[in-house]
Amino acid sequence: MSKKTLTDLNLAGHRVLVRVDFNVPIEQGIEAISNYDQRLRATLPTIKYLVENDCKIILCSHLGRPNGKVVEELRLAPVGDRLSTLLGMPVQNLQDCIGPDVKSVIDNLAPKDIVLLENLRFHLGEENNDPQFAEQLSSLADFFIMDAFAVAHRAHASTVGVGQFLPSAMGLLVQNEVESMSKALDSPKSPFSALLGGAKVSDKILVIENILSKLDSLFIGGGMSVTFLKSQGYSTGASNLEEDRIKFAHDLIEQAESRGIKVHLPEDVVVSNEFSSNPSSIRTVPIDEVPPNWYIMDIGEKSAHSFSDSLSQSKTIIWNGPMGVFEMPKFSEGTRKVATAIGALTGAPTVVGGGSTAEAVEALGLMEQMSHVSTGGGASLEFLEGKDLPGISALPEA
């Protein structure tokens, strides 16, 4: 994929509109933003490059799902304040993203000034990719930089539409995402392993189909392991089961083994008598001893050790999905142990999918130990599936 990059454009002194993704978990409160600011930190190289080139920097993002209405709790000002702290320089938070008041502020920007437009999704035109809304956004700037990988799979006004009106390129964040994941997919060092978890098999089917022929080992954990275990004849208690994916799981294991690909499933699991963060009873049991009406919540200690030991032999790892119900502290240990083992590897590229996987790595303080942690949940999945992402496809060729 050869697209124009930031350095291909003569941006010095110009107004530059940058689509970033600052969609942080604001529902956890303003004070929690600093705990989940990976997406902000990942944009810093692009912003600093523009500052160094005396640009007038106009950042735009969405936050949450306001559905075309102004929602006070979804204003971007707290996020802008956190960005200002990370940059060590002021960021001016605007009250809208289009209109005469916004244009007036931008007309008076000096080189190196940074403004953050208000939540794009306060306008219906954003998600509808409305040409008029895209043109209004583009009128604020001389160039457009796409640096929001997390929404690159969405054909919205700020990801696709604006590029029809302005000279465009991908920012350093998007460039890093594309290059890191492309390298892992197209030319992985062997042994090549995929570690897949999360809630559903159906979420990962296309990923598995896209990479299976290149793999040496496939590790299955998280909620999706329930369906795989069921396909091998194990009782899975009251755990959520994708009945319509059992045959797929069974056939996949047979297909993998016929190709010499080792499939690793949990050998023990953590179970609870309630699907709750604080159940009255928790046990670790072998996979053939899951009690009726109990829930599989995490991989067990033996499985975590076995996964970690086997992954340590890998030369390339793609990881997407936690090993258990990570957001519940009592069921986070499997993810913690496997993530720590992956983070300890040296000389082996480790590409970590975004979304809940990135949040887990961030919560564990292991961001710096991974080769690449994607800022995109759905976008990273679609990239691993081999799909074109509209927000990147729309950019001009180099």
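Predicted, not measured: the structure shown is a model, and the values here were computed from it.

K.L.:
Report on the overall build of the chain, specifying residues and quantitative values.
P.N.:
Counting its regular elements, the chain contains 15 helices and 15 strands. Summarising its shape, the C-alpha atoms of the chain cover approximately 70 × 45 × 35 Å along the three principal directions. Buried positions account for 56% of the 398 residues belonging to the chain. Taking all contacts inside the chain whose residues are at least 6 apart in sequence as the whole, residues at least 24 apart take part in 74%. Summing over all exposed atoms, the chain offers an accessible surface of approximately 16,500 Å²; the carbon and sulfur share of this is 45%. For the chain, the centre of its 33 positive side-chain charges and the centre of its 50 negative side-chain charges are spaced 2 Å apart.

K.L.:
Give me the packing of helix H9 (residues 224-231) against helix H10 (residues 246-258): which residues, what numbers.
P.N.:
Each pair of packed helices can be described by the angle between their axes along with the distance between the axes. Running from N to C, H9 and H10 cross one another at 75°; their axes reach a closest spacing of 8 Å. By the criterion of interaxial angle, the relationship of H9 to H10 is roughly perpendicular. Seen from H9, the contacting residues are Thr227, Phe228, Lys230 and Ser231; seen from H10, they are Ile246, Ala249, His250, Leu252 and Ile253. Each residue belonging to the contact of H9 with H10 can be placed in one class, and the counts come to 5 nonpolar, 3 polar and 1 charged.

K.L.:
Describe the pattern of salt bridges, listing the residues and the values that go with them.
P.N.:
Under the counting rule described, the total for this entry stands at 15 salt bridges. Ionic pairing is found between Lys103 and Asp107, a salt bridge with its closest N-O pair at 3.2 Å. Here Lys103 and its partner Asp107 are both found in helix H3 (residues 100-107), 4 residues apart, which amounts to about one turn of the helix. Among the residues examined, Lys103 registers a relative accessible area of 38% and is labelled partly exposed. Judged by its relative accessible area of 46%, Asp107 falls in the partly exposed class. Here Arg336 ties to Glu333 by a salt bridge, and the two come within 3.5 Å at their closest N and O atoms. Residue Arg336 and its partner Glu333 are both found in helix H12 (residues 333-343); the two are separated by 3 residues, about one turn of the helix. A relative accessible area of 35% means that Arg336 is categorised as partly exposed. Note on Glu333: relative accessible area 35%, which makes it partly exposed. Here the salt bridges share partners, and the residues they tie into one network are Asp37, Arg41, Arg82 and Glu362.

K.L.:
So, helix H13 (residues 356-363): which residues are in play, and what are the values?
P.N.:
All of the buried residues in H13 are Thr357, Ala358, Ala360, Val361 and Glu362. Where H13 is buried, its residues touch helix H1 (38-52), strand E13 (316-320), H12, strand E14 (350-352) and strand E15 (372-373). One or two residues past the end of H13 sits Gly365, with phi positive at roughly 70°.

K.L.:
Residues and numbers for the environment of Thr350, please.
P.N.:
Along the chain, Thr350 turns up in strand E14. Put simply, Thr350 and Trp319 are 31 residues apart on the chain and 7.5 Å apart in space, counted from C-alpha to C-alpha. Among the polar contacts listed, one links the side chain of Thr350 to the backbone nitrogen of Ser371, at a separation of 2.9 Å.

K.L.:
If you had to explain the sheet that holds E15 to someone new, which residues and values would you point to?
P.N.:
Adjacent strands of a sheet form backbone hydrogen bonds with each other and so pair up, either parallel or antiparallel. The strand order E9-E8-E7-E13-E14-E15 describes an open sheet built from 6 strands, whose pairing is parallel. Lying at the two open borders of the sheet, with one neighbouring strand each, are strand E9 (262-264) and E15. In terms of strand pairing, strand E8 (residues 217-220) meets E9 through 3 bridges, oriented parallel. Looking at the pairing, Leu218 lines up with Val263 of E9. Across the sheet, helix H11 (residues 301-311) lies against strand E7 (192-196), E8, E9 and E13, angled at about 155° from E8, the strand it touches most.

K.L.:
Describe in detail the environment of Gly376, supporting the description with residues and values.
P.N.:
Within the fold, Gly376 resides in the loop between E15 and helix H14 (378-384). According to the relative accessible area criterion, Gly376 is buried, its value standing at 0%. Residues Gly376 and Glu243, spaced 133 residues apart in sequence, show a C-alpha to C-alpha distance of 29 Å. Other than its neighbours up to four places away in sequence, Gly376 contacts Arg39, Phe149, Ala150, Glu177, Gly353, Gly354 and Gly355.

K.L.:
So, the state of the cysteines: which residues are in play, and what are the values?
P.N.:
Scanning all chains against the criterion turns up 0 disulfides. Here Cys55 is not disulfide-linked; the sulfur of Cys60 is the nearest cysteine sulfur, at 15 Å. For Cys55, a relative accessible area of 0% gives the class buried. For Cys97, which is in no disulfide, the shortest distance to another cysteine sulfur is to Cys60 and amounts to 8.1 Å. What makes Cys97 buried here is its relative accessible area of 0%.

K.L.:
Give a description of unusual backbone geometry that names residues and reports values.
P.N.:
A cis amide bond, omega 0°, links Ser190 with the succeeding residue Pro191. One non-glycine residue with positive phi stands out, namely Lys112, at about 80°. Classification of Lys112 by relative accessible area gives partly exposed; the value is 35%.

So, how was this worked out
Counting restarts for each chain, with residues numbered from 1 along the sequence as it is written. Restriction of local features to residues with pLDDT of at least 70 applies here, the model being predicted, together with a cutoff of 80 or more for giving and counting side-chain atom pairs; totals for whole chains, interfaces and linings are based on all residues. Note that the side-chain values use all heavy atoms of the structure and ignore hydrogens as well as water. Per the convention used, a helix needs a DSSP run of H or I reaching at least four residues, while a strand needs a run of E reaching at least two, with both numbered from the N terminus. Per-residue accessibility, obtained with a 1.4 Å probe over protein chains only, is compared with the maximum for each type, and a residue is labelled buried under 20%, exposed over 50%, and partly exposed between these values. Should any heavy atoms of two residues lie within 4.5 Å, those residues are considered in contact. Working definition of accessibility: Shrake-Rupley area with a 1.4 Å probe, residue cover restricted to the visible protein chains. Positive: Lys, Arg. Negative: Asp, Glu. His and the chain ends are not part of the count. Just so you know, the charge point we use is NZ for Lys, CZ for Arg, CG for Asp and CD for Glu. Think of each axis as a best-fit line through the C-alpha atoms, taken over the contacting stretch in the case of a helix, with angles from 0 to 180 degrees between the N-to-C directions. Reported orientations rely on four angle classes, namely roughly parallel under 35 degrees, roughly antiparallel over 145, roughly perpendicular from 65 to 115, and oblique for the rest. Any residue outside Ala, Val, Leu, Ile, Met, Phe, Trp, Tyr, Cys, Pro, Asp, Glu, Lys and Arg is labelled polar, Gly included; the first ten of those are nonpolar and the last four are charged. The salt bridge criterion pairs a side-chain nitrogen of Lys or Arg with a carboxyl oxygen of Asp or Glu, the two atoms within 4 Å. Within 3.5 Å is the distance limit for a polar contact, defined as a pair of N or O atoms, with the added protein rule that one can donate a hydrogen and the other accept it, and that residues adjacent in sequence qualify only through two side-chain atoms. Two strands qualify as a pair provided that DSSP identifies no fewer than 2 bridges between them. Any cysteine sulfur atom paired with another within 2.5 Å is treated as part of a disulfide.

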